[in-house]
Amino acid sequence: MFDFAGVNVSKLPHDHHELCAMVCPRALLVLGNPPYVWLAEESGYVSCRAVLEVYKTFGIDDRFGFNIIGGHNHCVLETTQSNAVVAFVEKFLLGNTNVNTRIRVAPDFAATDYNRWIQWWGTTNPIFPGAAESYTQTFEPECHQVGTNWLILTDVNASNGKYVTVRPGVQSISSAPTNSWDWVVIPFTVTNAGNYLIAGRVFCPNADGDSFWIRVDNGSWVMHNSISPQGVWAWYSFGMHTLSAGAHTLYIGYREDDALLDKISISDYPFAPTGMGAPAAILCP
Ligand SMILES: [Ca+2]
Ligand SMILES: [Ca+2]
């Protein structure tokens, strides 16, 4: 459980959905304050979405509301939260049945894929959506824009038989290389806003050849160093990325030479592929 301590407290919606669901069929309003990290509001939000399914099942979803919003001190109500409290008091303590209590406010988590956690509800089979139901796209870097400082080389153990790597002796250790001829550029599109895992099938021979720079759209370059395992083709996670629906661009910059890149996977399934991964939609000779 220590994996979910400290700054990671928000990553595991654990048991509060059960605690809140026990309040049903009585009315319940959940309030939150996302900037306070230890309140774990993203998991609180997912828990609220789960609780809402319970109230819906009983046909009383007006009895459950949540307002998880920042911009106020700890234990101090923000204006829309005060209004939410008043609405619940009006309806459920004073009997004013015309008040709207279907309050679902959590602007910080508009891109949070809560459905991943609750999609099984009603099936009696509590499992995550599998890789087969996920939105996954793969790309062969050698078939996209490969800067002239890179080489396209062949290997029977590489997907599509080819991989890319920087020219020997060319490195960019302390910051990402700045010119387009230093990059591999892969445009891609996602149909839904959400969190996506970007993974690369890489071969890193040793500690002097085990790193890349990664950037998505106009974001910051992120260094990935000490990639493991070493000495084999393997999938490595370049991290989860929150993406809006629509077109995006992945930039890969070299860092240490000898690091090889075979394939890229972008998926809302939160685990890297195995083997060669799914076939890429765009191939080249
Ligand atoms: Ca290194
Ligand atoms: Ca390849």
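Only a predicted model underlies this, so the values are computations on that prediction, with no experimental measurement involved.

A.B. asks: Looking at this structure, how should I read the overall build of the chain?
C.D. replies: On a plain count of helices and strands, the chain comes out with four helices and 14 strands. Considering only C-alpha atoms, the chain reaches an extent of 75 × 40 × 35 Å along its principal axes. At a minimum sequence separation of 6, the contacts of the chain that also span at least 24 residues come to 75%.

A.B. asks: Help me out: how do you make sense of the nonpolar core in this one?
C.D. replies: When a protein is soluble and globular, its nonpolar side chains tend to lie buried together. Counting residues in hydrophobic clusters, the biggest one holds 35 residues, and the most contacted among them are Ile198, Val202, Phe212, Leu250, Ile252 and Leu261. Those elements that provide at least two residues to this core are strand S7 (162-166), strand S8 (183-190), strand S9 (194-203), strand S10 (212-216), strand S12 (233-243), strand S13 (246-254) and strand S14 (260-267). Once residues lying within four places of it in the same chain are set aside, the contact partners of Leu250 are Ile186, Phe188, Ile198, Val216 and Ile264. Of all hydrophobic cores here, the second largest spans 16 residues; its members include Cys20, Val30, Tyr45 and Val46.

A.B. asks: What am I meant to see in the sheet that holds strand S2 (residues 64-68) here?
C.D. replies: The strands that make up a sheet pair up through hydrogen bonds in the backbone, lying either parallel or antiparallel. The three strands lie next to each other as S1-S2-S3, forming an open sheet whose pairing is parallel. The open sheet is flanked by strand S1 (28-32) and strand S3 (104-105), the only strands paired with a single partner. Sheet topology note: the S1/S2 ladder contains five bridges and is parallel. Across the sheet, residue Gly32 finds its bridge partner in S2, namely Ile68. Sitting on the sheet, helix H2 (residues 41-57) is in contact with S1 and S2, with an inclination near 165° to S2. Against the sheet, helix H3 (residues 79-92) touches S1, S2 and S3, its axis set at about 165° to S2.

A.B. asks: Can you walk me through the sheet that holds S8 in this structure?
C.D. replies: The five strands lie next to each other as S5-S8-S13-S10-S11, forming an open sheet whose pairing is antiparallel. Edge positions in the sheet fall to strand S5 (145-146) and strand S11 (222-224), since each of these pairs with one other strand and no more. Across five bridges, the pairing between S10 and S13 is antiparallel. Within S13, the residue paired with Ile214 across the bridge is Ile252.

A.B. asks: Help me understand H2, please; the structure alone is not making it clear to me.
C.D. replies: Its 17 residues place the ends of H2 24 Å apart at the C-alpha level, agreeing with the 24 Å of an ideal helix rising 1.5 Å per residue. Most of H2 sits inside the fold, with 13 of its 17 residues counted as buried.

A.B. asks: Just checking my understanding: could you explain the environment of Ala193 for this structure?
C.D. replies: Here Ala193 shows up in the loop between S8 and S9. For Ala193, a count of 15 C-beta atoms within 10 Å puts it in the partly exposed group. The sequence separation of Ala193 and Ser244 amounts to 51 residues, and the corresponding C-alpha distance is 4.3 Å. Look past the residues within four positions of Ala193 in its chain and what remains in contact with it is Ala111, Leu243, Ser244 and Ala245.

A.B. asks: What am I meant to see in unusual backbone geometry here?
C.D. replies: Note: most peptide bonds trans; most residues except glycine with negative phi. That bond from Cys24 to Pro25 is cis: its omega, 15°, falls within 30 degrees of zero. Inspection of the secondary structure puts Pro25 in the loop between helix H1 (16-21) and S1. Here the residue pair Ser228 and Pro229 is connected by a cis peptide bond, since its omega of 0° sits within 30 degrees of zero. Position of Pro229 relative to the elements: it lies in the loop between S11 and S12. Notably, Asp217 is not glycine yet its phi reads approximately 55°, a positive angle. Tracing the backbone through its elements, the reader meets Asp217 in the loop between S10 and S11.

A.B. asks: In this structure, what is going on with the domain arrangement of the chain? I would like to understand it.
C.D. replies: How big an interface is tends to be reported as the loss of accessible area on association of its parts. Domain boundaries assigned for the chain yield domain 1 (10-123) and domain 2 (133-267). The distance between the C-alpha centroids of domain 1 and domain 2 comes to 39 Å.

A.B. asks: Honestly, the environment of Ala40 in this entry has me stumped. Any pointers?
C.D. replies: Here Ala40 lies in the loop between S1 and H2. Residue class for Ala40 comes out buried when judged on the 22 C-beta atoms lying within 10 Å of it. It is 5.3 Å that separates the C-alpha atoms of Ala40 and Val9, two residues lying 31 residues apart in sequence. When neighbours within four sequence positions are excluded, Ala40 is seen to be in contact with Val9 and Ser10.

Rules used throughout
- Residues numbered from 1 in each chain as written.
- Chains lettered and ligands numbered in written order.
- Predicted model: local features only at pLDDT ≥ 70, side-chain atom pairs only at ≥ 80, totals over all residues.
- Helix = DSSP H or I, 4+ residues; strand = E, 2+ residues; numbered from the N terminus.
- Contact = placed C-beta atoms within 7 Å.
- Core = buried A, V, L, I, M, F, W, Y, C linked by C-beta atoms within 7 Å.
- Buried ≥ 20, exposed ≤ 12 C-beta atoms within 10 Å, placed from the backbone.
- Pairing = 2+ DSSP bridges.
- Axes fitted to C-alpha atoms, helices over the stretch in contact; angles between N-to-C directions.
- Expected span 1.5 Å × (residues − 1).
- Domains from an automatic or database assignment.

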